[in-house]
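Okay, here's what each chain looks like letter by letter:
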Amino acid sequence: MQNKYRVCVIGCGVIAPNHIKPLLENETTELVAVCDIIEERAKARAEMGNCAYYTDYHKMLEEVKPDAVHLCLPHYLHSPVAIDCMRAGADVLCEKPMDASYEAALRMKEVAEETGKRLGVIFQNRYNAENQTILQSLRSGDMGKLIALRGEVCWKRDQAYYNSGEWRSDYATAGGGVIINQAIHTLDLLRYFADSPVADVRATVSHHGDTAAEVEDTAEGLITFENGARALFYFTINNFEDEAIRVTLKCEKARVESRAGDCCIRFLDGHDVNVSNMDHAKNSGAKACYGSSHAIQIDDFYHDPDGSRARWMMDEALKTQKLVDAILKASQGVHA
Ligand SMILES: NC(=O)c1ccc[n+]([C@@H]2O[C@H](COP(=O)([O-])OP(=O)(O)OC[C@H]3O[C@@H](n4cnc5c(N)ncnc54)[C@H](O)[C@@H]3O)[C@@H](O)[C@H]2O)c1
(Lines give C-alpha, C1' and ligand atoms only; values in the text may rest on other atoms or scores of the structure.)
Protein backbone atom coordinates (compact mmCIF):
# COMPACT_ATOMS: atom_id res chain seq x y z
CA MET A 1 0.00 0.00 0.00
CA GLN A 2 1.26 3.48 -0.86
CA ASN A 3 2.26 5.79 1.98
CA LYS A 4 -0.48 8.06 3.25
CA TYR A 5 -0.59 11.67 2.02
CA ARG A 6 0.64 13.93 4.83
CA VAL A 7 -1.86 16.78 4.85
CA CYS A 8 -2.14 20.22 6.52
CA VAL A 9 -5.15 22.52 6.80
CA ILE A 10 -4.70 26.32 6.70
CA GLY A 11 -7.60 28.31 8.17
CA CYS A 12 -9.39 26.96 11.23
CA GLY A 13 -12.73 28.78 11.03
CA VAL A 14 -16.25 27.66 10.18
CA ILE A 15 -15.57 25.25 7.30
CA ALA A 16 -12.38 23.62 8.63
CA PRO A 17 -14.18 20.67 10.37
CA ASN A 18 -15.65 19.69 6.98
CA HIS A 19 -12.05 19.00 5.94
CA ILE A 20 -10.60 17.75 9.21
CA LYS A 21 -13.21 15.02 9.73
CA PRO A 22 -12.87 13.45 6.23
CA LEU A 23 -9.07 13.72 6.44
CA LEU A 24 -9.15 11.73 9.70
CA GLU A 25 -11.46 9.12 8.20
CA ASN A 26 -9.90 8.69 4.76
CA GLU A 27 -7.50 5.76 4.57
CA THR A 28 -5.21 7.61 2.16
CA THR A 29 -4.61 10.71 4.30
CA GLU A 30 -2.90 11.60 7.55
CA LEU A 31 -3.67 15.01 9.07
CA VAL A 32 -0.31 16.27 10.34
CA ALA A 33 -0.91 19.93 11.23
CA VAL A 34 -3.37 22.80 11.10
CA CYS A 35 -2.70 26.53 11.02
CA ASP A 36 -4.56 29.73 11.89
CA ILE A 37 -3.29 33.20 12.77
CA ILE A 38 -5.70 33.08 15.74
CA GLU A 39 -3.98 30.69 18.12
CA GLU A 40 -7.10 29.52 20.02
CA ARG A 41 -8.71 28.47 16.73
CA ALA A 42 -5.62 26.59 15.59
CA LYS A 43 -5.36 24.90 18.98
CA ALA A 44 -9.02 23.87 19.06
CA ARG A 45 -8.86 22.36 15.55
CA ALA A 46 -5.56 20.62 16.40
CA GLU A 47 -7.33 18.97 19.34
CA MET A 48 -10.12 17.88 17.01
CA GLY A 49 -7.57 16.53 14.51
CA ASN A 50 -5.14 15.19 17.12
CA CYS A 51 -2.27 16.91 15.30
CA ALA A 52 0.23 19.76 15.60
CA TYR A 53 -0.73 23.40 15.15
CA TYR A 54 0.96 26.52 13.82
CA THR A 55 0.13 30.21 13.62
CA ASP A 56 2.45 30.88 10.68
CA TYR A 57 1.87 28.82 7.54
CA HIS A 58 5.34 29.56 6.11
CA LYS A 59 6.87 27.94 9.20
CA MET A 60 4.47 25.01 8.91
CA LEU A 61 5.36 24.41 5.25
CA GLU A 62 9.07 24.57 6.07
CA GLU A 63 8.93 22.25 9.10
CA VAL A 64 6.20 19.79 8.09
CA LYS A 65 6.84 19.61 4.33
CA PRO A 66 3.30 18.32 3.67
CA ASP A 67 2.30 16.42 0.54
CA ALA A 68 -0.92 18.41 0.35
CA VAL A 69 -2.55 21.45 1.95
CA HIS A 70 -6.25 22.25 2.26
CA LEU A 71 -7.10 25.95 2.22
CA CYS A 72 -10.05 27.11 4.35
CA LEU A 73 -9.18 30.79 4.16
CA PRO A 74 -10.80 34.14 3.30
CA HIS A 75 -11.19 34.36 -0.50
CA TYR A 76 -8.46 36.93 -1.20
CA LEU A 77 -5.85 34.65 0.42
CA HIS A 78 -6.62 31.59 -1.73
CA SER A 79 -4.36 32.51 -4.64
CA PRO A 80 -1.29 33.79 -2.75
CA VAL A 81 -1.32 30.99 -0.17
CA ALA A 82 -2.00 28.30 -2.80
CA ILE A 83 0.94 29.63 -4.80
CA ASP A 84 3.22 29.52 -1.72
CA CYS A 85 2.10 25.96 -0.98
CA MET A 86 2.63 24.72 -4.54
CA ARG A 87 6.04 26.38 -4.72
CA ALA A 88 6.89 24.64 -1.42
CA GLY A 89 6.12 21.31 -3.12
CA ALA A 90 2.57 20.61 -1.90
CA ASP A 91 -0.61 19.80 -3.81
CA VAL A 92 -3.49 22.12 -2.87
CA LEU A 93 -7.18 21.54 -2.31
CA CYS A 94 -8.76 24.96 -1.92
CA GLU A 95 -12.23 25.87 -0.69
CA LYS A 96 -14.56 27.56 -3.16
CA PRO A 97 -14.29 30.06 -4.80
CA MET A 98 -10.88 29.82 -6.43
CA ASP A 99 -10.12 33.37 -5.23
CA ALA A 100 -11.79 36.76 -4.78
CA SER A 101 -10.78 37.73 -8.33
CA TYR A 102 -10.67 35.96 -11.69
CA GLU A 103 -7.17 37.32 -12.43
CA ALA A 104 -5.80 35.88 -9.17
CA ALA A 105 -7.49 32.56 -9.95
CA LEU A 106 -5.73 32.50 -13.32
CA ARG A 107 -2.39 32.98 -11.55
CA MET A 108 -3.14 29.93 -9.37
CA LYS A 109 -3.68 27.82 -12.48
CA GLU A 110 -0.45 29.15 -14.06
CA VAL A 111 1.55 28.17 -10.98
CA ALA A 112 -0.11 24.72 -10.83
CA GLU A 113 0.98 24.17 -14.42
CA GLU A 114 4.47 25.59 -13.82
CA THR A 115 5.13 23.51 -10.68
CA GLY A 116 3.28 20.37 -11.81
CA LYS A 117 1.38 20.36 -8.50
CA ARG A 118 -2.27 19.33 -8.35
CA LEU A 119 -4.71 22.14 -7.57
CA GLY A 120 -8.30 21.18 -6.73
CA VAL A 121 -11.16 23.48 -5.73
CA ILE A 122 -14.04 22.34 -3.54
CA PHE A 123 -17.48 22.41 -5.16
CA GLN A 124 -18.89 19.55 -3.14
CA ASN A 125 -22.49 19.87 -4.31
CA ARG A 126 -21.58 18.52 -7.76
CA TYR A 127 -21.01 15.20 -5.97
CA ASN A 128 -24.45 15.12 -4.30
CA ALA A 129 -26.56 12.12 -5.28
CA GLU A 130 -29.34 14.22 -6.80
CA ASN A 131 -26.96 16.31 -8.89
CA GLN A 132 -25.12 13.23 -10.15
CA THR A 133 -28.49 11.73 -11.18
CA ILE A 134 -29.51 14.91 -13.02
CA LEU A 135 -26.14 15.04 -14.73
CA GLN A 136 -26.27 11.41 -15.87
CA SER A 137 -29.82 11.84 -17.21
CA LEU A 138 -28.75 14.95 -19.12
CA ARG A 139 -25.60 13.43 -20.57
CA SER A 140 -27.30 10.12 -21.50
CA GLY A 141 -29.82 12.02 -23.60
CA ASP A 142 -32.76 10.52 -21.63
CA MET A 143 -34.24 13.96 -20.98
CA GLY A 144 -33.65 15.30 -24.50
CA LYS A 145 -32.20 18.71 -25.18
CA LEU A 146 -31.82 21.09 -22.24
CA ILE A 147 -33.91 24.19 -22.87
CA ALA A 148 -33.90 26.24 -19.69
CA LEU A 149 -32.67 26.29 -16.08
CA ARG A 150 -33.53 28.29 -12.98
CA GLY A 151 -31.63 28.64 -9.70
CA GLU A 152 -33.07 30.27 -6.58
CA VAL A 153 -31.22 30.88 -3.33
CA CYS A 154 -33.16 32.74 -0.60
CA TRP A 155 -31.10 32.80 2.56
CA LYS A 156 -30.58 35.05 5.53
CA ARG A 157 -27.27 36.68 6.46
CA ASP A 158 -27.36 39.67 8.81
CA GLN A 159 -24.79 42.02 10.33
CA ALA A 160 -23.80 39.38 12.91
CA TYR A 161 -22.67 37.18 10.02
CA TYR A 162 -20.43 39.94 8.63
CA ASN A 163 -19.13 40.72 12.14
CA SER A 164 -18.09 37.07 12.52
CA GLY A 165 -15.53 37.48 9.73
CA GLU A 166 -14.90 40.99 8.46
CA TRP A 167 -13.31 39.76 5.23
CA ARG A 168 -16.82 38.75 4.08
CA SER A 169 -17.96 42.40 3.85
CA ASP A 170 -15.73 43.81 1.10
CA TYR A 171 -15.18 43.25 -2.61
CA ALA A 172 -11.39 43.35 -2.11
CA THR A 173 -11.36 40.49 0.39
CA ALA A 174 -14.44 38.43 -0.57
CA GLY A 175 -14.82 39.29 -4.27
CA GLY A 176 -18.56 39.78 -3.74
CA GLY A 177 -21.45 38.84 -1.51
CA VAL A 178 -24.33 36.50 -2.20
CA ILE A 179 -23.04 35.55 -5.68
CA ILE A 180 -19.53 34.39 -4.81
CA ASN A 181 -20.16 33.39 -1.22
CA GLN A 182 -23.57 31.74 -0.81
CA ALA A 183 -25.01 31.13 -4.30
CA ILE A 184 -21.82 30.12 -6.09
CA HIS A 185 -22.67 26.43 -5.67
CA THR A 186 -26.00 26.96 -7.44
CA LEU A 187 -24.37 29.05 -10.15
CA ASP A 188 -21.76 26.34 -10.58
CA LEU A 189 -24.49 23.69 -10.95
CA LEU A 190 -26.40 25.72 -13.55
CA ARG A 191 -23.21 26.07 -15.57
CA TYR A 192 -22.23 22.44 -15.01
CA PHE A 193 -25.66 21.14 -16.10
CA ALA A 194 -25.71 23.44 -19.15
CA ASP A 195 -22.33 21.99 -20.21
CA SER A 196 -21.67 24.79 -22.68
CA PRO A 197 -19.62 28.00 -22.75
CA VAL A 198 -21.39 31.16 -21.63
CA ALA A 199 -22.53 33.32 -24.58
CA ASP A 200 -24.17 36.24 -22.77
CA VAL A 201 -24.96 37.46 -19.26
CA ARG A 202 -27.52 40.08 -18.20
CA ALA A 203 -27.69 40.85 -14.47
CA THR A 204 -28.68 43.26 -11.74
CA VAL A 205 -26.71 43.27 -8.52
CA SER A 206 -27.97 45.25 -5.52
CA HIS A 207 -27.61 45.94 -1.83
CA HIS A 208 -31.11 46.16 -0.36
CA GLY A 209 -30.60 45.05 3.24
CA ASP A 210 -29.51 47.06 6.25
CA THR A 211 -26.07 45.55 6.82
CA ALA A 212 -23.01 47.78 6.55
CA ALA A 213 -21.36 45.34 4.12
CA GLU A 214 -20.08 46.77 0.85
CA VAL A 215 -20.81 43.57 -1.10
CA GLU A 216 -24.11 42.80 -2.87
CA ASP A 217 -26.88 40.97 -0.99
CA THR A 218 -29.16 40.39 -4.00
CA ALA A 219 -28.58 39.40 -7.60
CA GLU A 220 -30.82 38.37 -10.46
CA GLY A 221 -30.12 37.74 -14.09
CA LEU A 222 -30.20 35.66 -17.22
CA ILE A 223 -27.32 33.60 -18.61
CA THR A 224 -27.43 32.38 -22.21
CA PHE A 225 -25.20 29.44 -23.07
CA GLU A 226 -23.76 28.78 -26.52
CA ASN A 227 -25.94 25.66 -26.89
CA GLY A 228 -29.01 27.91 -26.56
CA ALA A 229 -29.98 26.93 -22.99
CA ARG A 230 -30.91 29.90 -20.80
CA ALA A 231 -30.49 30.06 -17.03
CA LEU A 232 -32.50 32.44 -14.90
CA PHE A 233 -31.26 33.11 -11.37
CA TYR A 234 -32.37 34.91 -8.24
CA PHE A 235 -30.11 35.06 -5.21
CA THR A 236 -30.70 36.94 -1.98
CA ILE A 237 -29.54 36.87 1.62
CA ASN A 238 -32.34 39.21 2.75
CA ASN A 239 -34.82 36.38 3.32
CA PHE A 240 -36.28 35.82 6.81
CA GLU A 241 -34.53 32.40 7.03
CA ASP A 242 -32.40 29.99 4.99
CA GLU A 243 -34.88 28.36 2.64
CA ALA A 244 -34.28 25.26 0.56
CA ILE A 245 -32.26 26.01 -2.56
CA ARG A 246 -34.29 25.33 -5.69
CA VAL A 247 -32.97 24.26 -9.07
CA THR A 248 -35.37 23.69 -11.97
CA LEU A 249 -34.57 22.35 -15.42
CA LYS A 250 -36.80 22.17 -18.48
CA CYS A 251 -35.73 19.69 -21.12
CA GLU A 252 -37.42 18.43 -24.30
CA LYS A 253 -38.54 15.21 -22.61
CA ALA A 254 -38.51 15.98 -18.89
CA ARG A 255 -38.74 18.59 -16.17
CA VAL A 256 -36.49 18.51 -13.09
CA GLU A 257 -37.43 20.01 -9.72
CA SER A 258 -34.69 19.89 -7.09
CA ARG A 259 -35.26 21.34 -3.66
CA ALA A 260 -32.54 21.08 -1.00
CA GLY A 261 -31.39 17.71 -2.23
CA ASP A 262 -34.85 16.25 -2.87
CA CYS A 263 -35.11 15.86 -6.59
CA CYS A 264 -37.86 14.69 -8.93
CA ILE A 265 -37.30 14.13 -12.63
CA ARG A 266 -40.72 14.05 -14.28
CA PHE A 267 -40.58 12.56 -17.77
CA LEU A 268 -43.22 13.59 -20.30
CA ASP A 269 -43.99 9.91 -20.94
CA GLY A 270 -45.46 9.80 -17.42
CA HIS A 271 -42.74 8.16 -15.31
CA ASP A 272 -40.85 9.87 -12.49
CA VAL A 273 -37.37 9.38 -11.07
CA ASN A 274 -36.98 10.51 -7.45
CA VAL A 275 -33.67 10.85 -5.67
CA SER A 276 -32.79 12.35 -2.32
CA ASN A 277 -29.52 13.47 -0.83
CA MET A 278 -31.14 14.08 2.54
CA ASP A 279 -30.50 10.75 4.28
CA HIS A 280 -26.88 10.90 3.33
CA ALA A 281 -26.63 14.50 4.59
CA LYS A 282 -28.21 13.57 7.92
CA ASN A 283 -25.75 10.76 8.47
CA SER A 284 -22.62 12.64 7.47
CA GLY A 285 -22.18 14.62 10.69
CA ALA A 286 -21.37 17.64 8.50
CA LYS A 287 -23.28 20.90 8.69
CA ALA A 288 -26.34 20.07 6.60
CA CYS A 289 -26.52 23.40 4.77
CA TYR A 290 -23.13 22.68 3.20
CA GLY A 291 -24.30 19.28 1.98
CA SER A 292 -22.51 16.07 2.78
CA SER A 293 -20.16 15.73 -0.11
CA HIS A 294 -16.90 17.24 1.13
CA ALA A 295 -15.75 13.74 2.06
CA ILE A 296 -16.57 12.42 -1.42
CA GLN A 297 -14.71 15.21 -3.19
CA ILE A 298 -11.73 14.90 -0.83
CA ASP A 299 -11.62 11.17 -1.58
CA ASP A 300 -11.74 11.95 -5.31
CA PHE A 301 -8.79 14.34 -4.89
CA TYR A 302 -6.66 11.63 -3.25
CA HIS A 303 -7.49 8.92 -5.81
CA ASP A 304 -6.08 10.75 -8.79
CA PRO A 305 -2.94 8.98 -10.01
CA ASP A 306 -2.65 10.94 -13.28
CA GLY A 307 -3.83 14.32 -11.94
CA SER A 308 -6.88 14.40 -14.21
CA ARG A 309 -9.40 14.73 -11.37
CA ALA A 310 -7.62 17.77 -9.89
CA ARG A 311 -7.26 19.33 -13.35
CA TRP A 312 -11.00 18.90 -13.86
CA MET A 313 -11.74 20.50 -10.45
CA MET A 314 -9.44 23.43 -11.27
CA ASP A 315 -10.73 24.04 -14.79
CA GLU A 316 -14.40 23.83 -13.74
CA ALA A 317 -13.79 26.18 -10.80
CA LEU A 318 -12.14 28.65 -13.12
CA LYS A 319 -15.16 28.62 -15.45
CA THR A 320 -17.45 29.37 -12.51
CA GLN A 321 -15.11 32.14 -11.31
CA LYS A 322 -15.28 33.65 -14.83
CA LEU A 323 -19.08 33.50 -14.69
CA VAL A 324 -19.10 35.33 -11.32
CA ASP A 325 -16.90 37.97 -12.92
CA ALA A 326 -19.20 38.21 -15.95
CA ILE A 327 -22.28 38.69 -13.70
CA LEU A 328 -20.61 41.51 -11.75
CA LYS A 329 -19.45 43.15 -15.00
CA ALA A 330 -22.87 42.71 -16.66
CA SER A 331 -24.47 44.50 -13.71
CA GLN A 332 -22.26 47.47 -14.62
CA GLY A 333 -23.31 47.29 -18.29
CA VAL A 334 -20.22 45.37 -19.50
CA HIS A 335 -21.41 42.28 -21.40
CA ALA A 336 -19.52 39.10 -22.27
N1 LIG B 1 -17.93 24.56 0.51
C2 LIG B 1 -18.81 25.18 1.28
O3 LIG B 1 -20.00 24.89 1.27
C4 LIG B 1 -18.34 26.29 2.17
C5 LIG B 1 -19.08 26.71 3.27
C6 LIG B 1 -18.56 27.73 4.08
C7 LIG B 1 -17.36 28.35 3.73
N8 LIG B 1 -16.70 27.94 2.62
C9 LIG B 1 -15.46 28.60 2.18
O10 LIG B 1 -14.42 28.28 3.10
C11 LIG B 1 -13.49 29.36 3.18
C12 LIG B 1 -13.37 29.80 4.63
O13 LIG B 1 -14.65 30.21 5.08
P14 LIG B 1 -15.01 30.20 6.63
O15 LIG B 1 -16.45 30.48 6.71
O16 LIG B 1 -14.46 28.99 7.29
O17 LIG B 1 -14.20 31.50 7.09
P18 LIG B 1 -13.72 31.88 8.57
O19 LIG B 1 -13.52 33.33 8.60
O20 LIG B 1 -14.63 31.23 9.57
O21 LIG B 1 -12.32 31.11 8.67
C22 LIG B 1 -11.17 31.58 8.01
C23 LIG B 1 -10.01 31.38 8.96
O24 LIG B 1 -8.79 31.73 8.29
C25 LIG B 1 -7.93 32.31 9.26
N26 LIG B 1 -6.85 33.05 8.60
C27 LIG B 1 -6.90 34.28 8.03
N28 LIG B 1 -5.69 34.60 7.52
C29 LIG B 1 -4.86 33.55 7.77
C30 LIG B 1 -3.50 33.26 7.48
N31 LIG B 1 -2.72 34.13 6.84
N32 LIG B 1 -2.99 32.08 7.91
C33 LIG B 1 -3.75 31.19 8.58
N34 LIG B 1 -5.04 31.40 8.87
C35 LIG B 1 -5.60 32.55 8.47
C36 LIG B 1 -8.86 33.18 10.08
O37 LIG B 1 -8.29 33.53 11.33
C38 LIG B 1 -10.09 32.28 10.20
O39 LIG B 1 -10.07 31.50 11.36
C40 LIG B 1 -14.04 30.42 2.24
O41 LIG B 1 -13.45 30.27 0.99
C42 LIG B 1 -15.52 30.10 2.17
O43 LIG B 1 -16.15 30.56 0.99
C44 LIG B 1 -17.14 26.92 1.86
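Residues numbered from 1 in each chain as written. Predicted model: local features only at pLDDT ≥ 70, side-chain atom pairs only at ≥ 80, totals over all residues.

## Some remarks on the overall build of the chain
Across its full length, the chain holds 13 helices and 14 strands. Compactness check: the chain gives a C-alpha radius of gyration of 20 Å against a globular reference of 20 Å for 336 residues, within 12% of the reference. Oriented by its inertia axes, the alpha-carbon framework of the chain measures out at about 60 × 50 × 40 Å. The proportion of buried residues among the 336 residues of the chain is 48%. Nonlocal contacts in the chain, meaning residues at least 24 apart in sequence, comprise 68% of its contacts between residues at least 6 apart. (Helix = DSSP H or I, 4+ residues; strand = E, 2+ residues; numbered from the N terminus. Rg over C-alpha atoms; globule rule 2.2 N^0.38 Å. Buried ≥ 20, exposed ≤ 12 C-beta atoms within 10 Å, placed from the backbone. Contact = placed C-beta atoms within 7 Å.)

## Concerning the confidence of the model for the chain
Mean pLDDT over the chain works out to 94, with 95% of the residues at or above the 70 mark. When the criterion is pLDDT under 50, residues 282-288 qualifies, and its contacts beyond four places in sequence or with other chains add up to 8 contacts. (pLDDT = per-residue confidence, 0-100.)

## Some thoughts on the domain arrangement of the chain
Domain parsing of the chain yields domain 1 (5-122) and domain 2 (125-330). Contact with domain 1, which involves 29 residues of that partner, is made by 30 residues of domain 2. For the side of domain 1 that touches domain 2, the secondary-structure elements that each account for two or more residues are α1 (17-25), α5 (102-115) and β6 (119-121). (Domains from an automatic or database assignment.)

## Remarks on the sheet that holds β6
The sheet built from 6 strands is open, its strands ordered β3-β2-β1-β4-β5-β6 with parallel pairing. Strands with a single pairing partner mark the edges of an open sheet, and in this sheet they are β3 (52-54) and β6. Taken over all neighbouring pairs, the strand axes of this sheet differ in orientation by 25° on average, direction set aside. Here helix α2 (residues 39-49) sits on the sheet in contact with β2 (29-35) and β3, set at roughly 165° to β2. (Pairing = 2+ DSSP bridges. Axes fitted to C-alpha atoms, helices over the stretch in contact; angles between N-to-C directions.)

## So, the packing of α1 against helix α12 (residues 294-301)
Between α1 and α12, the least distance of the axes is 9 Å, while the angle of their chain directions is 60°. If you check the angle between α1 and α12, you find them oblique. When the axes of α1 and α12 are compared, the crossing they make is right-handed. On α12, the residues that touch N18, H19, P22 and L23 of α1 are H294, A295 and I298. A breakdown of the residues in the contact of α1 with α12 according to their chemical character gives 4 nonpolar, 3 polar and no charged. (Parallel < 35°, antiparallel > 145°, perpendicular 65-115°, else oblique. Left-handed = near helix turned anticlockwise from the far one by under 90°. Nonpolar A, V, L, I, M, F, W, Y, C, P; charged D, E, K, R; others polar.)

## With respect to the nonpolar core
One finds C8 and V92 to be the most contacted residues of the largest nonpolar core, which totals 102 residues. Per-element accounting of this core gives the leading share, 11 residues, to helix α13 (residues 308-330). Domain assignment of the residues forming this core places at least three in each of domain 1 (5-122) and domain 2 (125-330). Apart from residues no more than four positions distant in its own chain, C8 is found in contact with V32, A33, V34, C35, M60, V64, P66 and V69. (Core = buried A, V, L, I, M, F, W, Y, C linked by C-beta atoms within 7 Å.)

## A short note on helix α6 (residues 129-140)
Compared with the 16 Å implied by 1.5 Å per residue over 12 residues, the 16 Å span of α6 between its first and last C-alpha is a close match. By the burial criterion, the buried members of α6 are E130, N131, I134, S137 and L138. Projected down its long axis, α6 shows its buried positions confined to an angular sector of 130°, all on one face. The exposed set on the far side of α6, more than 90 degrees from its buried face, consists of Q136, R139 and S140. Buried residues along α6 sit against β7 (146-154), α10 (184-194), β11 (246-251), β12 (254-259), β13 (262-267) and β14 (272-276). (Expected span 1.5 Å × (residues − 1). Arc of directions from axis to C-beta.)

## Things to note about the sheet that holds strand β10 (residues 230-236)
With mixed pairing, 8 strands are arranged side by side in an open sheet as β8-β9-β10-β7-β11-β12-β13-β14. With one partner strand each, in any of the chains shown, β8 (198-206) and β14 form the two edges of the open sheet. Between one strand and the next, the sheet's axes are offset by a mean angle of 10°, whatever the strand orientation. As paired elements, β7 and β10 share 7 bridges and run parallel to each other.

## Description of the site of the ligand
In the vicinity of the ligand lie 24 residues, with G11, G13, V14, E95 and G165 positioned nearest. Residues belonging to the shell around the ligand are distributed by class as follows: 14 nonpolar, 6 polar and 4 charged. Two domains each put at least three residues into the shell around the ligand: domain 1 (5-122) and domain 2 (125-330). (Near = placed C-beta within 6 Å.)

## Focus on the packing of helix α4 (residues 78-87) against α5
As a packed pair, α4 and α5 sit with axes 9 Å apart at the nearest point and diverge in direction by 5°. Taken together, the axes of α4 and α5 are roughly parallel relative to one another. Of the residues in α5, those in contact with S79, A82, I83, M86 and R87 of α4 are A104, A105, R107, M108, V111, A112 and T115. Partitioned by chemical class, the residues of the contact of α4 with α5 number 8 nonpolar, 2 polar and 2 charged.

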